[in-house]
Amino acid sequence: MAKDPKNEENQTLVSEPAQFQKGEYLIHVLIQQTRGLSSDKIIDPLICIEGFKQKKYSTQKAGASPTCTTLWNEHFHFTQRFAEGRLLNSCQIKFTVLDHKLFGSDAIIGIYDLDFSTVYLQENHALLHKWVGLINPQKDFNQITGFIKISINIVGEGDKQTTLCQENEIEVRSKIDQGKDQNIFGDGNLLLPPHIQARGQQLKITLLRAEKLIRMDNLLGSIDPFVIFEVGGLQINTDKIDKNQNPVWDLMIYIPITNPCSSENLIIRVFDYDMGQKDEIIATNLFKISDILRGQYVHPTWVNLYGAQNDAEQDQRIYLCSHPDLGTCYSGRLQLAIEVVENPRPQLKKEKINDKELLTNLKLNQTLSWECHCDAFYVINCPKEDEDYSLKMCWGEYEVQTNKEEARNGVCEFYKHLAIFNAKFPFLQSRDLPDVFLYLMDGDKPICFKRFKNSDILQSAENQTGKHITVNFLPDKSIKNTPLNWYHKNQASYNPIRCLDEVIRIKKASKSKLRKTHDILSRDSDGLADPMAEILFYDLKTTTSIINRTISPIWNTQHVLNTYNFEKIPPIIIKFFDKDTVGRDFLGQVIIDYYDGEKAGYILRNSDKVADPQWIDINIYGQNAGQVLLSVNYNDNPNVKIPQEIAPKAVKHFVKMKLLGLRALKSYAFVKFNVESIKQPNEKNEYQTAQIITQPKDSGSNPNIQTIITFEINLPEDDAYMPRLPGSVHDYVMKGLLQPLIGQLQVNLKQQKEKTIKQIKQKIEVGQRVLSDASIINDNYIHIPEEELLGPSDDKDILTQLEMIKNNSINVGMVIKYVQYQKNENEGTFEEIDQFAPQYVPLGYDTQLQKANLYMLRNNKQGKSFACQNNTTAKASLQLELDKQVKRDKIITAANQLIKKQKFIQDSQNEQSMDTISDIKQQEGIMQDNLQIIESLKSKKHYRLCLPCPLENSLFMSKNTFDNFNLHKGINSPREAETMADLIFEELKQMPTSKLFMHELDFSQGKSTTQTGDMEIITKSAVTVQIYILDCSNLPPKDFDSMSDPYIQIKLGDQVVDNQKEYKQDDCNPKFYKLFTISTELPGASDLIIQVYDYDDLYCRWYYIQLFIKELIGQTVIDIEERYSFQQRFRQLKHVPIETRQLYHPSSSISQGDIRLFVEIIPSKQASILRNPWFIDQRPKANFFVRLVVWEVYDVPIMDIEGTSDIYVLAYIDEKVKQTTDTHYRSQNGRGSFNWRMAFPLELPRPETVVSFQVFDKDIFSPDDFIADCTYDLTKLANKAFENEINLKLYGQKAPPEDGILKQDLIRISKKNGTQYEKVAIQTENVQKDGYKTKKSGVLVISLEIIPESIHLKNQVGLGRSQPNHSPFCPEPTGRIDYSWNPIKMLKQLLGPTAQMYVLLGLFSIFGGYLGVMFLPIISGAIIANWITG
């Protein structure tokens, strides 16, 4: 069969749907700007953003011209948790631009929709700086009504956010000599609505009818259905049909789409209409756009619907009906056809099909009879052991049910044949048949179910007799008839034609080896348990012994169960309980599938060897509740003997542990290790080691234990059997009379053994490289083990790119770089010479004096002075030194000598008399002045390496040398989920942490007695922690109507510091550049908690309610004890790089933004270093003025019908401060002369400085006509003026035409890149809505200067053309109306060319008519006389 070229093309344009993980997701939206909004008047635009069914609004821009560019720069965040990843396929992000109305509803200007997957599948899950076209669905779907520029970032759990900021991308449009129109959106930067395309297409949906819809109204037993279709954000719904389970619509529905389509699915939702209440959803179905384009649904077909039971709760119904794969029951079927048709003007509409002949051909009335058979054998693990149960099989609208059978020992045997005969379905293909549902019934209520896809049970050539399967019954949470922790097992076989087979019971032997568990849950208040296990195999059960007071029991027992001959071997179920005096608590269970275990290797059949054990997860409520180590031997051959001894071979181990201390406690504590619990059962007490107890030392919240523990014990030789060493932390009350439990911990001996061996190998490998000269022996290099370099690292690629890694060593001397300057003689500015890699971040700043000093020293300038403001004595002294040709090396040498002398003076103060000391102090003062002079020669600005990750995840730090163990106490059990869609997440609380440093494990030597030593692992020392906070990014908003007002708070132990008074108002990317200093002792409080809070005005006004106002944005924790005390690499760092850390809120698993910082830990005795911290301050903000002169415009299109324009120019930098020129009336040649000065205040620095110009035609009786606009990016010029504290002028590369209206000499200067002019010509443009491009609409001539406020106030100028009129002088404009008593001249100036032509034509017509009236009688009389006289 020949291929359809259309379908073949369509197949290449559609991608497969994305697969999302469940969890929490964040949508971060940045609205950047709008332009070209269609309206015939001034509007008040407002933007509505919708994500995850949440709506948020931007600020209102009052009095904006619709076609002009409007800047927004506003951030919006949306978060939502999803229990199923597939639910994200139907999520969308919607943008609506509104014209705000004070009274009445806002008018829609334009709408744009984006699919969630469209953004998430982009690189870094971000769509950056994209223009999107808007359409108004209330008017014309094919007309663009404006453009909006957006950036979007979507992140899930574990994803890294992309910083969204207003990019500095506005280019100068000064190329006025190009003949082609410019595309302002750039290639690939414009996204259009689905139906705005060159080749119009739309979905044509033929909706005919529905059958067997589920009854929703319990009282009436009816349903009022209607259907909603949605694709690409466009939505249309049918009319409801009252009280009808088999409704007929006969509709033709059209929805515009694009190819390739921005949406992956066509979503169809069926609802039940409820008057006065919220409509109830019945079912949802998804149709892949790729399948539709391939023509899979061209012909009418029946589509099955699945949803929830009719008595389900509303929240569960929404969840179960949101995706066809989540349904727990059959809900009916729809008959429809879908295809893509060509249409040059696609529309969103619905039409009634009135052609009866067409309907007859479309509707499929043919039905086929089908059969479904099921052999139900038994159900195990029933909720109640002695209850009556039945099985019900549902297939579409048909169902069949067994009789009730009594469950014995949790097993309910049926051995019944369930069959549905003569089921009439309107399906012609077996693949379209509905799914089969199997329910376990308690009376007339289903308590759990299993859903089978029809493809899983259809007869095939490979399996003619059906297949026997064991299935899990899932609890139907929508009806809440069973707890989540009970998973029922059922064995059955399915075959449409198979009859019931005879089952013969033959006894066989199954041996289960239960060895040990760890990390099981505790139900007792002291955090311990008395665990026991029940092993169930069909109706057989055996129980283990009870292991008292532990959560890591070791059994090493073998359990034999004599069972039967099964065609399909049922699973093994192991339940764990905490045995109490009265009753027992359920701790979790393991369901072992025989065939899966056989593949994995921990189940062997008819083998004389014991199967190798494996760790299997224990589950409760669908969550992990520990692990169990087990193996299974299944034996149906009596000749095979299985060994009885299963205990692993044990060897002597010498264990040495170093305990550092406990953190975040509130007690006077000690640690106890239960060594007895890790001994093998029935082992002789050879080493007399039962418990090891440390002595209480320091009190307070961070006590140091500083104890070395050594002991010998027999442990399994095979690491797979290695147990976990349990420990407990106790309070020391009344000198030990009371020892209440604080918490429990466990030490993974296997992990510690592997870690110790790995560390020893790494040390040997590094030592061998150093001895063999393979590594560089230098303080500037950190040696990294080769294994670590080969492994994954967040910073390895960056360090390799910067060439910092050499011979498996990191050059730490390249962490910071200092700047050098060169001078621009034309501008008098200093510019940095080196262009460092973007991974380096500039810190600090240099004054003009320092820049000049560094420049002169670098170039050995002699006798040349430089312009400086605010001269001081130090500057004069420095200039004197420079005039004497003091070179840099000599100055540095002199500085070193002065420092040595100063140190000698300080040492002498302890020995000299008081008189001598006073003389020395006098000399010290002179030297200090000299040191200040020399200090001014140093650059305070430097560039520091910035890592994209925390320092502990980089190569600058090794893996933790000690381990942190969170303590737990009391009932430690996950609770049942409130709903299947959402789990309740409680606020996470900081848990106490025990820091355990395991030093070594030795297998050959060791002492035979247990020892506990109080040796100091680390000497306690006073340190000063200097935290340099740079900035944050992507902070979510905490205020209702604005962004957050962030500030920093830092905690270390009981110490708290913050900069609350210096909060950043309405800033999601704040820049702090702040140093925080905290003094402490290490070892001691170790968790440095850096928090970002949202400031609120109420916090200061009513201090007593600060706890209700203060709101945490996010936090990060740094272990300073680990860095200072145990990290050799960190201590070797001369300069610490900047690290980027994620901020997290305790209630969310999504990152709440990033923070960049670096931390230095300095011994307090090094006072000289502490007195000179790094200078990271940014240059203080300064006030400038932008002096702007609008000289003229030319080539402006004529706007009035009479052929004239009344031109004026509006300019602004901030939308709140706008200034306009006067009006050039009656311009007939597209030129306007203004010579108009403006002055705008400007605070620097700022992210971007853009001056916007808009050219208007002034009208009296209607809104002014917008002609064109343009923008000029002054960011670089403003930053240069700010950095150099001088005034700078704007220069253009192209000279304005000399024949313009303005007759002045052009001011020009010569630079390296050619001649430049003070008057700059800028191309003004307007948007062509039909072609999404711009058209040239004139040229604007300006001159501009950025000047400091101090100079502006001393040398003031007038606005417009008022006095003082200078710098530059603005003469009176030319080319305007020249008032005269000559009426012809005035009419010629007031009337445009078109009006003049109409006036002349009118005069000629009047004069011609006058002549005709005057001469018509004479002429007509002469003609008649001539005719009579012949």
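What counts, and at which threshold
- Residues numbered from 1 in each chain as written.
- Predicted model: local features only at pLDDT ≥ 70, side-chain atom pairs only at ≥ 80, totals over all residues.
- Heavy atoms only, no water.
- Phe/Tyr/Trp six-rings, centres within 6.5 Å; stacked < 30°, edge-to-face > 60°.
- Helix = DSSP H or I, 4+ residues; strand = E, 2+ residues; numbered from the N terminus.
- Buried < 20%, exposed > 50% of the residue type's maximum accessible area, 1.4 Å probe, protein only.
- Lys NZ or Arg CZ within 6 Å of the ring centre and 35° of its normal.
- Contact = heavy atoms within 4.5 Å.
- Pairing = 2+ DSSP bridges.
- Axes fitted to C-alpha atoms, helices over the stretch in contact; angles between N-to-C directions.
- Core = buried A, V, L, I, M, F, W, Y, C linked by side-chain atoms within 4.5 Å.
- Salt bridge = Lys/Arg side-chain N within 4 Å of Asp/Glu carboxyl O.
- Patch = residues over 30% accessible without salt bridge, like charges linked within 9 Å, V, L, I, M, F, W, Y side chains within 5 Å.
- Areas by Shrake-Rupley, 256 points an atom, 1.4 Å probe, with all protein chains shown as cover.
- Lys, Arg positive; Asp, Glu negative; His and termini not counted.
- Charge placed at Lys NZ, Arg CZ, Asp CG, Glu CD.
- Disulfide = S-S within 2.5 Å.
- pLDDT = per-residue confidence, 0-100.

Asks: What exactly am I supposed to notice about the packing of aromatic side chains here?
Replies: By convention here, two paired aromatic rings are described through the distance between centres and the angle between planes. All told, the structure shown has 33 aromatic pairs when counted by the stated rule. Relative to Phe-116, the ring of Tyr-25 lies with its centre 5.7 Å away and its plane at 80°, an arrangement referred to as edge-to-face. Taken together, the residues span a long stretch of sequence, with Tyr-25 in strand 1 (residues 23-35) and Phe-116 in helix 2 (residues 116-120) at a distance of 91 residues. For Phe-116, a relative accessible area of 1% puts it in the buried group. Judged by centre distance (5.5 Å) and plane angle (85°), the ring pair of Tyr-398 and Phe-425 falls under edge-to-face. In this pair, Tyr-398 is assigned in strand 21 (residues 398-401) and Phe-425 in strand 23 (residues 412-425), connecting sequence segments 27 residues apart. Looking at Phe-425, the relative accessible area reads 0%, which means it is buried. Lying over the aromatic face of Phe-78, Lys-56 brings its terminal NZ or CZ to 5.0 Å of the ring centre. Sitting over the face of the ring of Tyr-439, Lys-392 holds its NZ or CZ atom 5.8 Å from the ring centroid.

Asks: In this structure, what is going on with the environment of Asp-1200? I would like to understand it.
Replies: Looking at the element boundaries, Asp-1200 is found in the loop between strand 62 (1182-1194) and strand 63 (1205-1212). Counting along the chain gives 58 residues from Asp-1200 to Lys-1258, while the straight-line C-alpha distance between them is 9.7 Å. Among all residues touching Asp-1200, those that are not within four sequence positions of it are Ser-1205, Asp-1206, Arg-1226, Asp-1257, Asp-1259 and Asp-1265.

Asks: Please explain the pairing of strand 6 (residues 107-115) as it appears in this structure.
Replies: Side-chain direction in a regular strand flips from residue to residue, so the side chains alternate between the two faces of the sheet. A large share of strand 6 lies buried, amounting to seven of its nine residues. As defined by bridge partners, strand 5 (residues 92-99) adjoins strand 6 across eight bridges and the pair is classed as antiparallel. Looking at the pairing, Lys-94 lines up with Asp-113 of strand 6.

Asks: Even after reading the chapter, I still don't get the sheet that holds strand 10 (residues 201-211), so can you show me in this structure?
Replies: Through backbone hydrogen bonds, the strands of a sheet pair up, either in parallel or in antiparallel fashion. The strand order across the open sheet built from five strands is 16-17-10-13-18, with neighbouring strands paired in antiparallel fashion. Each edge of the open sheet carries a strand with a single partner, namely strand 16 (301-307) and strand 18 (349-352). Adjacent strand axes in the sheet meet at a mean angle of 30° when their direction is disregarded. For strand 10 and strand 13 (residues 248-257), the ladder comprises eight bridges, and the chain directions are antiparallel. Pairing of Leu-207 across the sheet is with Leu-251, part of strand 13.

Asks: Would you mind going over the nonpolar core with me for this structure?
Replies: Side chains of nonpolar character tend, in soluble globular proteins, to be buried together. In terms of nonpolar packing, the biggest core is built from 66 residues, with Met-804, Phe-956, Ile-1029, Ile-1048, Leu-1088 and Ile-1090 touching the most fellow members. Take this core: its biggest share by element is seven residues, from strand 54 (residues 1021-1033). Counting 44 residues, the second largest nonpolar core, distinct from the first, contains Phe-116, Ile-154, Phe-226 and Leu-326.

Asks: It is not clear to me how the pattern of salt bridges should be interpreted in this structure. Could you clarify?
Replies: Overall, the coordinates contain 40 salt bridges when judged by the stated rule. The salt bridge involving Glu-952 is made with Arg-1141; its shortest N-O contact spans 2.8 Å. Placement of the pair is Glu-952 in the loop between strand 50 (942-945) and strand 51 (963-966) and Arg-1141 in strand 60 (residues 1139-1144), with a sequence separation of 189 residues. The salt bridge partner of Asp-1031 is Arg-1156, with a shortest N-O separation of 2.7 Å. Within this pair, whereas Asp-1031 is found in strand 54, its partner Arg-1156 is found in strand 61 (residues 1151-1163), the two being separated by 125 residues in sequence. Each of the salt bridges in this network shares a partner with another, and the network as a whole consists of Asp-325, Asp-435, Arg-451 and Lys-453.

Asks: Whenever I open this one, a negative patch on the surface confuses me. Can you help?
Replies: A surface patch of negative charge is lined by Glu-385, Asp-386, Asp-388, Glu-406, Asp-442 and Asp-444. Residue placement: Asp-442 occurs in strand 24 (residues 436-442). On the basis of relative accessibility, which here comes to 33%, the residue Asp-442 falls in the partly exposed class.

Asks: Before we go on, may I ask you to explain the pairing of strand 10 in this structure?
Replies: Burial within strand 10 is extensive, with ten of its eleven residues counted as buried. Inspection of the sheet shows strand 10 paired to strand 17 (residues 329-342) by ten bridges, in the antiparallel sense. Bridging across to strand 17, Ala-210 finds its partner in Leu-334.

Asks: Which parts of the structure should I look at to understand the environment of Val-29?
Replies: Inspection of the secondary structure assignment puts Val-29 in strand 1. For the pair formed by Val-29 and Ala-126, sequence separation is 97 residues and the distance between their alpha carbons is 9.8 Å. Dropping the residues within four chain positions of it, Val-29 is found in contact with Ile-49, Glu-74, His-75, Phe-76, Phe-78, Phe-95, Ser-151, Ile-152 and Leu-164.

Asks: Teacher, can you tell me more about the sheet that holds strand 14 (residues 265-272) here?
Replies: An order of 12-11-14-15 is seen for the four strands of this open sheet, with the pairing classed as antiparallel. Pairing within the sheet leaves two strands with one partner each, and these edge strands are strand 12 (234-237) and strand 15 (280-288). Recorded for the sheet is a direction-independent mean angle of 20° between the axes of neighbouring strands. Across six bridges, strand 11 (residues 225-231) lies against strand 14 in antiparallel orientation. Looking at the pairing, Glu-230 lines up with Ile-267 of strand 14.

Asks: What's the story with the state of the cysteines in this structure? I'm lost.
Replies: Overall, the coordinates contain zero disulfides when judged by the stated rule. Free cysteine Cys-321: the closest other cysteine sulfur is in Cys-329, separated by 7.5 Å.

Asks: Where do I start with the confidence of the model for the protein in this structure?
Replies: Low pLDDT marks stretches whose predicted atomic positions should not be read closely. Averaged over all residues, the pLDDT of the protein equals 77, while 75% of them reach at least 70. Within the protein, helix 1 (residues 5-11) has the poorest average pLDDT of any element, 36, and strand 62 the best, 95. Contacts of residues 492-508 to residues separated by more than four positions or lying in other chains number 63 contacts, the stretch itself having pLDDT below 50. Below pLDDT 50 for its whole length, residues 898-918 participates in 18 contacts with residues either more than four positions away or in separate chains.

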